[in-house]
Amino acid sequence: MIATESLKVLIIDDHEIVRRGVKQILEENFLYVEIGEVETAREGIAEVRRGSWDLAIVDISLPDQSGLELLQELHRTAPKLPLMVLSLHPEEQYAVCAFRAGAMAYLTKHTAPEELARAVKQVLTGHRYVTSSIEGQMADSLEKSSDGPEHAPLSEREFEVLVLLAQGRSIKHIAQFLTLSVKTVSTYRARLLDKLQLETTAELIRYAFDRHLVE
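Notes on the structure in this doc start here.

Conventions and cut-offs
- Residues numbered from 1 in each chain as written.
- Predicted model: local features only at pLDDT ≥ 70, side-chain atom pairs only at ≥ 80, totals over all residues.
- Heavy atoms only, no water.
- Phe/Tyr/Trp six-rings, centres within 6.5 Å; stacked < 30°, edge-to-face > 60°.
- Lys NZ or Arg CZ within 6 Å of the ring centre and 35° of its normal.
- Core = buried A, V, L, I, M, F, W, Y, C linked by side-chain atoms within 4.5 Å.
- Buried < 20%, exposed > 50% of the residue type's maximum accessible area, 1.4 Å probe, protein only.
- Contact = heavy atoms within 4.5 Å.
- Pairing = 2+ DSSP bridges.
- Helix = DSSP H or I, 4+ residues; strand = E, 2+ residues; numbered from the N terminus.
- Axes fitted to C-alpha atoms, helices over the stretch in contact; angles between N-to-C directions.
- Salt bridge = Lys/Arg side-chain N within 4 Å of Asp/Glu carboxyl O.

### Structural notes on the packing of aromatic side chains
- Throughout the structure, instances matching the rule amount to zero aromatic pairs.
- It is K8 that lies over the ring of W53; its NZ or CZ is 4.9 Å from the centre.
- Directly above the ring of F177 sits R169, whose terminal nitrogen or CZ lies 4.7 Å from the centroid.

### What to know about the nonpolar core
- If you look at the biggest cluster of nonpolar residues, it comprises 50 residues, and the most contacted ones within it are L71 and L162.
- If sequence neighbours within four positions are ignored, L162 has contacts with L154, L192, L196, L204, Y207, A208 and L213.
- Core analysis: the next-biggest nonpolar cluster, separate from the first, contains 22 residues, V33, I35, L55 and L86 among them.

### Overview of the sheet that holds strand β2 (residues 33–38)
- With parallel pairing, the five strands of this open sheet are ordered in space as β2-β1-β3-β4-β5. In the strand order of this sheet, the two ends are held by β2 and β5 (105–108), each with one partner. Going from strand to strand, the sheet's axes swing by 20° on average, the running direction of each strand aside.
- Judged from the six bridges that link them, strand β1 (residues 7–12) and β2 form a sheet pairing that is parallel. The residue bridging V9 from the neighbouring strand is I35, located in β2.

### Concerning the pattern of salt bridges
- Counted under the stated rule, the structure contains eleven salt bridges.
- Note that D13 and K109 form a salt bridge whose closest N and O atoms lie 2.9 Å from each other. Residue D13 is located in the loop between β1 and α1 (16–29), and its partner K109 is located in the loop between β5 and α5 (113–124); the two are separated by 96 residues in the primary sequence.
- Because the salt bridges share partners, they merge into one network encompassing D13, D59 and K109.

So, in structure tokens, the structure goes:
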């Protein structure tokens, strides 16, 4: 257990059991820790604007907004606030996009409590935490190496549209969800087809499922 001044951590996750587990791990590893809990991206942004936090732990899948978009908004709102992702999605698929969006660590919800504690400690010192399983891929993907997955060069917004299409959402629904025009979303879809060298939306969906970008 680390004896430190009071640590304030905001957990943004819509699953109570996850929030409770993270809270317990933090309380077991830090002597003085204050936990804030919210279930939506909107509440998370409001809490960050309202108070001073030492760390935010964010889920990628939230009911009201893309987690990647939330990371970007949190980073713009509080540039010095360290951001960590704790997600069900495989790190080899989402970590690169999360780091580009402002995260300093990406862990899955299968992570051992000891590793979560280590990641928190490292992020609080101002250093990025990258797991050994994706360290090599991170180096390649962040440099947009051709050795990375085909979707590594996608922008955060393009990646979001890809995932939403794979979830079966229509162009109109995606436009409403991301607060974009239908024409803009259609343009993103066209870019995805071009960058991934695919021809139809069905192929985009198959691509996302084959690489476990959606569950």
